[in-house]
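Residue-level structure breakdown
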Amino acid sequence: MYIISSIYKLTVSFEDLDPMNVVWHGNYIRYMEQARCDLFSKLNYTYVDMKNDGIMYPIAKMYTKYIKPAQFGDNLSVETFILNIEPTLDIKYKIFKNNEKIFEAKTMQIAVDIKTKESIYKAPERFLSLLNGLENQVI
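Residues numbered from 1 in each chain as written. Predicted model: local features only at pLDDT ≥ 70, side-chain atom pairs only at ≥ 80, totals over all residues. Heavy atoms only, no water.

1. Digging into the packing of aromatic side chains
Rule in force here: For this analysis, a ring pair means two rings from Phe, Tyr or Trp (six-membered ring only for Trp) whose centres lie within 6.5 Å, classed as stacked if their planes differ by under 30 degrees, edge-to-face if by over 60, and tilted for the remaining angles. Every helix listed is a DSSP run of H or I at least four residues long, and every strand listed is a run of E at least two residues long, numbered separately from the N terminus. The rule is simple: take the accessible area with a 1.4 Å probe, protein chains only, and divide by the maximum for that residue type; under 20% is buried, over 50% is exposed, in between is partly exposed.
The final tally for this structure, using the stated rule, is 9 aromatic pairs. Ring geometry for Tyr28 against Tyr66: centres 5.4 Å apart, planes inclined by 80°, an arrangement best described as edge-to-face. Here the residue Tyr28 occupies a position in helix H1 (residues 25–42), and Tyr66 occupies one in strand E3 (residues 59–66), the gap between them amounting to 38 residues. A residue is classified by how much of its surface remains accessible, and Tyr28, at 3% relative accessible area, is buried. Ring pairs connect the aromatic residues Phe40, Tyr45, Tyr47, Tyr57 and Phe127, which therefore count as one cluster.

So this is what it looks like as structure tokens:
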């Protein structure tokens, strides 16, 4: 079960490749970040909005599973699912190439007060209100 999901599309560029001519493993993390930013943008709650609310959401844990490589010019779809909001923000990612899953991951992020740097384990009210009524929808 997920709270909300989004699909982000990208094309693998030449600079994403390693010496073996496949996407370097670290770039999948960048694709996840791009998809996560896209999801938050679609919710009208960007990292700038988080900062204005006095919080940040650093990654506390990350799980990744590399299934098949992507190569130059591949068109990829990154499906992003918010699974949980409190006490942690848990997001699942699936990357597909031609409808075949090639990568999956999960991140756990914790809301942190920007001033005190302390974990607060509670989502900002503005973020919660933007999610209200969007359960199980793709945006």
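2. Here we look at the pattern of salt bridges
Keep this limit in mind: Salt bridge, as applied in this entry: a Lys or Arg side-chain nitrogen positioned within 4 Å of an Asp or Glu carboxyl oxygen.
The full count for this structure, using the stated rule, is 10 salt bridges. Of the charged contacts, one joins Asp16 and Arg30 as a salt bridge, the two residues approaching to 2.3 Å between their closest N and O atoms. Separated by 14 residues along the polypeptide, Asp16 in the loop between strand E1 (4–11) and H1 and Arg30 in helix H1 bring together distant segments of the chain. Note on Arg30: relative accessible area 31%, which makes it partly exposed.

3. Overview of the sheet that holds strand E4 (residues 75–84)
The test is simple: Strands pair, by our definition, only if DSSP identifies at least two bridges between them. By definition, residues are in contact when any of their heavy atoms lie within 4.5 Å. A fitted line through C-alpha atoms represents every axis, and for helices the fit uses only the stretch in contact; the resulting angles, taken between N-to-C directions, go from 0 to 180 degrees.
Within the open sheet, the 6 strands sit side by side as E3-E6-E5-E4-E1-E8. Their pairing is mixed. Of all the strands in the sheet, just E3 and strand E8 (137–138) have a single pairing partner and so form its edges. Sheet topology places E1 next to E4; 8 bridges connect them, and they run antiparallel. Among the inter-strand pairings, Ser6 is bridged to a residue of E4, identified as Thr80. Most of the contacts of H1 go to E1, to which it runs at about 130°, and overall it touches E1, E3, E4, strand E5 (89–97) and strand E6 (100–109).

4. Side note on the nonpolar core
The test is simple: In these notes, a set of buried Ala, Val, Leu, Ile, Met, Phe, Trp, Tyr and Cys residues joined through side-chain atoms within 4.5 Å is what counts as a nonpolar core.
Grouped together as the largest cluster of nonpolar side chains are 34 residues, with contacts concentrated most on Tyr31, Leu43, Ile82 and Phe127. Among the elements of the structure, E1, H1, E4, E5, E6 and helix H3 (125–131) are those that each provide at least two residues to this core. Counting residues per element, this core draws most heavily on H1, which supplies 6 residues. Look past the residues within four positions of Ile82 in its chain and what remains in contact with it is Tyr2, Ile3, Ile4, Leu39, Leu43, Leu89, Asp90, Ile91 and Phe127.

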